[in-house]
Amino acid sequence: MSQPALLRLSKVSKRYGTVQANKEIDLEVHSGSIHAVLGENGAGKSTLMKLIYGVEQPDAGHIYWNGQEVHLARPSDAQVLGIGMVFQHFSLFETLSVVQNVSLMIPGKPAELAQQIADLGDQFGLSVDPHAMVHRLSVGERQRVEIIRCLLLNPKLLILDEPTSVLPPQSVRRLFETLRKLQADGMAILFISHKLDEIRELCDTASVLRGGEVTGRVDPREHDARSLAQLMIGREMPNVAHVAPRPPGEERLRLNALSHPRASRFGTTLEGIDLKLRSGEIVGIAGISGNGQQELAALISGETRAQEPGMIEIMGKKVGHLGPMARRKLGFAFVPEERLGRGAVPEMSLADNSLLTAHGRSMLSRGFIRRSVERAFTRECIETFDVRTPGPDAEAGAMSGGNLQKFILGREIMLNPDVMLVSQPTWGVDIGAATAIRRRLLDMRDQGCAILVISEEMDELFEICSKLHVLHKGHLSPALDAAETTPQEIGRYMIGAAT
Amino acid sequence: MSGLEFLLAGTLAASLPLLLAALGEMVVEKTGLLNLGLEGMMAIGAAIAFICVFHTGSHVLGFAAAALISTAVAMLFAILVIGVKANEVASGLAIGVLGLGLSALFGKSYESRTISGLPKIDIPVLSDIPLIGPTLLTQDIVVWLAVLGTIALWWVLNRTKLGLIIAAVGENADAARSIGYPVVLIRLCAVAFGGAMCGLAGAYASTVYTPLWADGMIAGRGWIALALVVFGTWQTGRVAFGALLFGILSLGELTAQAMGVGLPSQVLSSLPYLVTILMLVVISRRRSGLV
Ligand SMILES: Nc1ncnc2c1ncn2[C@@H]1O[C@H](COP(=O)(O)OP(=O)(O)OP(=O)(O)O)[C@@H](O)[C@H]1O
Ligand SMILES: [Mg+2]
């Protein structure tokens with residue numbers, strides 16, 4: 001190309017303590033191109049994007065914008081150039097409304113902004129109530145808000161750090177259409193995703209990162225997902241051999257006509273939900289997030305109390321009135337969809353995060369914390385679940401997204417629960433690790449654990465579940481046998497065409 | 001004058017130091033920091049204002065000097081907490097002690113000296129209203145300015161972009177930084193504002209409310225102001241209401257007279273402190289119950 005690249009990085013490096021997150025990275029992004037950055041969890045993708053957006057500064061190397069060298073000391077410097085970014089861990093303010101969040105970045109009167117948000121939502125299928133409070137929104141809806149906020153800035157370069165990880169399939173379609181339109185208008189897009197099929201469909205260039213270095217530059221349209229994965233992890237993809245499930249055992253979790261009014265105008269009312277989960281089986285709940293998934297998970301975990309004790313039974317006991325601790329004592333474990341804030345405390349070390357749910361595993365003695373036990377547990381979790389981190393003292397908030405997910409899931413699995421609820425188990429996890437996580441869940445099933453999985457990824461549900469339900473507008477479909485139903489049938493339930 | 005008339009006349013002035021200090025601290029806390037040094041910042045402000053008015057006779061100068069010196073002390077807090085990331089609670093307590101010490105040192109040779117306060121303003125028409133005209137509506141200029149200032153602060157915090165930014169920084173500093181707001185600068189400004197407000201509060205206490213210097217004259221009002229922020233759940237209107245309530249309580253004997261109860265004056269003068277403790281207990285219980 002004769003024109004200089006819109007953005008060019010030359011030998012950019014960044015180190016965090018002992019971790020070399022980026023090492024001598026060269027990268028060129030051209031206008032009108034959708035450029036994929038792929039790599040395993042912890043490969044340094046988010047770090048690289050933060051350098052481009054001015055959140056972090058490189059230790060060495062140069063950044064050129066339209067051929068001119070630039071120094072990005074803060075995000076506003078990048079915004080002035082025309083760089084917009086949607087973060088992997090959202091940068092929204094939960095106590096503010098959607099419009100207020102947007103108005104923090106975009107000038108304009110609230111009423112006009114609300115209109116713009118609604119228009120953009122219609123245009124790109126990213127609809128969201130402009131006046132909703134953000135803490136009431138599902139993860140998927142929050143992401144829509146982030147994307148809208150970015151698009152309102154009319155950036156020349158749009159950075160999307162795992163934008164599709166929590167979007168339902170329809171929204172992904174529409175987002176891709178949006179991105180293609182933007183691309184046609186000449187926008188450059190940096191796109192990070194662990195879903196290799198998406199990258200092959202959307203992107204025209206891909207840079208592969210491994211261990212902080214660029215290990216390859218390819219045209220993803222010319223490779224299949226398998227060879228891309230191989231480039232990413234540097235070895236052959238493991239094959240998963242599935243063992244057929246044994247017949248399930250006794251009942252461990254039961255929902256009896258569970259109904260719960262919505263907590264606010266933007267919540268979902270759950271109506272008459274019946275569900276049975278038995279030892280040695282995995283039951284999946286499919287559906288687009290925002291249809292009551294958050295509410296249901298909070299009710300089962302005990303974060304919200306059910307209206308009647310008998311609506312929820314764990315291990316044969318009525319627990320609707322009990323809190324999370326009491327339910328955990330019965331052998332229940334829970335992996336929430338938000339890792340930061342619900343699954344882990346970002347400011348605390350991994351070891352202290354272990355303590356949060358694993359304190360019952362002799363980590364306490366007469367009210368004192370036994371640090372050695374805490375550390376041993378954490379170290380075991382790090383090793384068993386291949387969490388890439390310097391050690392138990394690392395701050396949870398500084399971990400790469402996928403690695404934190406592996407840690408949280410591992411921590412709960414190590415509690416040897418009898419019943420487990422897992423929300424979005426492989427959100428943001430690279431395909432190698434996602435395969436490993438699914439295999440862990442299957443192993444647990446074979447050891448007799450009862451597992452309920454809430455996920456938006458249909459492939460995943462079909463792979464590990466024996467029974468499927470679909471949650472739509474607060475109603476749960478009857479149980480469908482995974483071997484007999486089809487993605488099409490599930491899809492009809494998801495949009496309410498079948499009940 | 002009856003007890004009720006005294007109350008009407010005196011409440012606003014009695015609440016003013018509490019109001020100013022609490023509003024300043026409220027802004028600090030809204031940006032996500034906690035400065036426990038209110039008492040000391042008020043004390044040093046009070047001392048400097050008194051000395052200034054004693055020598056120059058100018059209240060304007062007194063208030064300005066107090067605001068400056070307390071801002072300087074607050075900046076020390078900012079350097080410790082934002083600059084070198086020292087512990088907030090310890091730093092706040094430390095600068096509180098420093099402020100108290102300095103005020104005692106500077107005020108030593110002025111012990112029991114007096115100065116003249118500020119005149120009450122007669123506003124035509126308003127002051128002719130029966131009962132409240134000559135009492136509630138006859139106040140000095142600072143009271144009127146404070147009323148306007150409170151309304152202005154409410155407007156800024158609830159109706160402007162600046163208010164939104166302050167709330168955003170307080171809720172999620174990382175996110176605010178990542179969308180390009182200068183978090184450190186915003187916090188610095190908030191701490192400076194909190195300091196200045198404490199200075200003004202101290203100045204009012206020593207040069208207008210009781211224009212007489214006595215060591216320890218702030219007498220715990222900084223701590224009450226701190227509790228008021230929590231009591232008012234970080235909302236301007238509620239904090240102002242709380243300040244009024246405590247203003248009435250601090251007028252102890254007058255209040256008792258107005259209500260016709262005959263409690264010993266020691267009990268009455270300890271009432272604001274007791275209520276503060278009770279209030280904090282109730283609030284913290286309610287909050288932990290929610291979580
Ligand atoms: N603020 C920080 N402090 C210390 N280490 C950090 C920090 N941020 C990132 N790291 C480390 O840098 C490495 C790269 O992290 P990064 O977030 O860039 O990975 P990633 O490729 O985005 O992974 P994922 O796919 O899981 O999101 C990781 O080992 C991570 O632990
Ligand atoms: Mg990342």
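Within each chain, residues carry numbers counting from 1 in the order of the written sequence. As a convention, the first chain written is A and the first ligand written is 1, with the rest following in written order. Residue-level local features of this predicted model are given only where pLDDT is at least 70; pairs of side-chain atoms are given and counted only at 80 or more, and the full residue set underlies all totals for whole chains, interfaces and linings. Based on all heavy atoms of the structure, the side-chain values leave hydrogens and waters out of the count.

Got a minute to help me understand the pairing of strand β21 (residues 467-472) of chain A in this structure?
In the case of a regular strand, side chains alternate between the two sheet surfaces. All names here are of chain A. Extensive coverage of β21 is indicated by the burial of five of its six residues. Paired strands, in this sense, are two strands between which DSSP finds at least two bridges. Secondary structure elements are defined from DSSP: runs of H or I of at least 4 residues count as helices, runs of E of at least 2 residues count as strands, and each element is numbered from the N terminus. The pairing of strand β13 (residues 282-286) with β21 spans four bridges and is parallel. Following the sheet pairing, Val283 is matched in β21 by Lys467. By the bridge criterion, two bridges tie β21 to strand β23 (residues 480-481) in an arrangement that is antiparallel. Of the residues in β23, the one forming a bridge with Lys467 is Asp481. In the sheet, β21 pairs with strand β22 (residues 475-476) via two bridges, with the strands oriented antiparallel. In the strand pairing of β22, Leu471 is matched with Leu476. Classification of residues uses two cut-offs on accessible area relative to the type maximum, computed with a 1.4 Å probe and protein chains only: under 20% is buried, over 50% is exposed, and between them is partly exposed.

Would you mind going over the site of ligand 1 with me for this structure?
All names here are of chain A. As a matter of local geometry, ligand 1 sits amid 18 residues, with Gly42, Lys45, Ser46, Thr47 and Ser400 nearest to it. Distance and chemistry together define a polar contact, namely a pair of N or O atoms within 3.5 Å, with one atom able to donate a hydrogen and the other to accept it when in protein, and with adjacent residues in sequence counting only for side-chain atoms on both sides. Contact distances for ligand 1 include 2.8 Å between an oxygen atom and a backbone N or O atom of Gly402. Bound to the protein, ligand 1 loses 85% of the 640 Å² it would expose on its own. Of all elements in the fold, only β2 (19-29), α1 (45-52) and α13 (401-413) reach the threshold of two or more residues within the shell around ligand 1. Looking at the shell around ligand 1 element by element, the count peaks at three residues for α1. Considering only residue class, the shell around ligand 1 consists of five nonpolar, 10 polar and three charged. Per-domain counts for the shell around ligand 1 show at least three residues from each of domain 1 (7-233) and domain 3 (350-415). Here, proximity means that at least one heavy atom of the residue falls within 4 Å of the molecule or strand. To be clear on the numbers: accessible area is Shrake-Rupley with a 1.4 Å probe, and residue cover counts the displayed protein chains and nothing else. Amino acids outside the nonpolar list (Ala, Val, Leu, Ile, Met, Phe, Trp, Tyr, Cys, Pro) and the charged list (Asp, Glu, Lys, Arg) are all regarded as polar, and Gly is one of them. An automatic or database domain assignment is the source of the domain bounds shown.

Honestly, the packing of helix α1 (residues 3-30) of chain B against helix α10 (residues 236-250) of chain B in this entry has me stumped. Any pointers?
Geometrically, a packed helix pair is captured by the angle between its two axes and the distance between the axes. Residues and elements named next belong to chain B. Working convention: axes come from line fits to C-alpha atoms, limited for helices to the stretch in contact. Angles between N-to-C directions cover 0 to 180 degrees. Two elements in contact, α1 and α10, have axes separated by 7 Å at closest approach and are oriented at 135°. In terms of orientation, α1 lies oblique with respect to α10. The handedness of the crossing between α1 and α10 is right-handed. Residues Leu7, Thr11, Leu12, Ala14, Ser15, Leu18, Leu19, Ala22, Leu23 and Met26 of α1 touch α10, and the partners they reach there are Thr236, Val239, Ala240, Ala243, Leu244, Phe246, Gly247, Ile248 and Ser250. Note that the term roughly parallel is reserved for angles under 35 degrees, roughly antiparallel for angles over 145, roughly perpendicular for angles of 65 to 115, and oblique for everything else. Put simply, a crossing is left-handed when the front helix is turned counterclockwise from the back one by less than a right angle, and right-handed when it is turned clockwise. Should any heavy atoms of two residues lie within 4.5 Å, those residues are counted as being in contact.

Before we go on, may I ask you to explain the interface of chain A and chain B in this structure?
Accessible area lost upon the coming together of the parts is a frequently used measure of interface size. Taken residue by residue, the interface counts 17 residues in chain A and 14 residues in chain B. Across the chain A/chain B interface, buried area totals approximately 1200 Å², and carbon plus sulfur atoms make up 65% of it. Salt bridge criterion: a side-chain nitrogen from Lys or Arg within 4 Å of a carboxyl oxygen from Asp or Glu. Counting the contacts that link chain A with chain B gives zero salt bridges. In this assembly, chain A and chain B are joined by five residue pairs in polar contact (both at pLDDT 80 or more). Among the elements of the structure, α2 (75-81) and α3 (98-103) of chain A are those that each provide at least two residues to the side of chain A that touches chain B. Here the side of chain A that touches chain B gets three residues from one element, more than from any other, and that element is α2(A). Grouping the amino acids of the side of chain A that touches chain B by side-chain chemistry returns nine nonpolar, six polar and two charged. Here the buried area means the combined drop in accessible surface, using a 1.4 Å probe, for two parts upon being joined, counting both sides.

I tried to follow the sheet that holds strand β9 (residues 205-210) of chain A on my own but got confused; where do I start?
As a general point, the strands of a sheet are linked pairwise by backbone hydrogen bonds and lie either parallel or antiparallel. Residue and element names in this part refer to chain A. The six strands are arranged β6-β7-β8-β3-β9-β10 in an open sheet whose pairing can be described as mixed. A single partner strand is all that each edge strand has here, and the edge strands are β6 (83-86) and β10 (213-218). Pairwise comparison of adjacent strand axes, ignoring direction, gives a mean angle of 20° for this sheet. Direction of pairing for β6 relative to strand β7 (residues 157-161): parallel, over a ladder of four bridges. In the strand pairing of β7, Val86 is matched with Leu160. Contacting β3 (34-39), β6, β7, β8 (188-192) and β9, α1 crosses the sheet at an angle of about 150° to β8.

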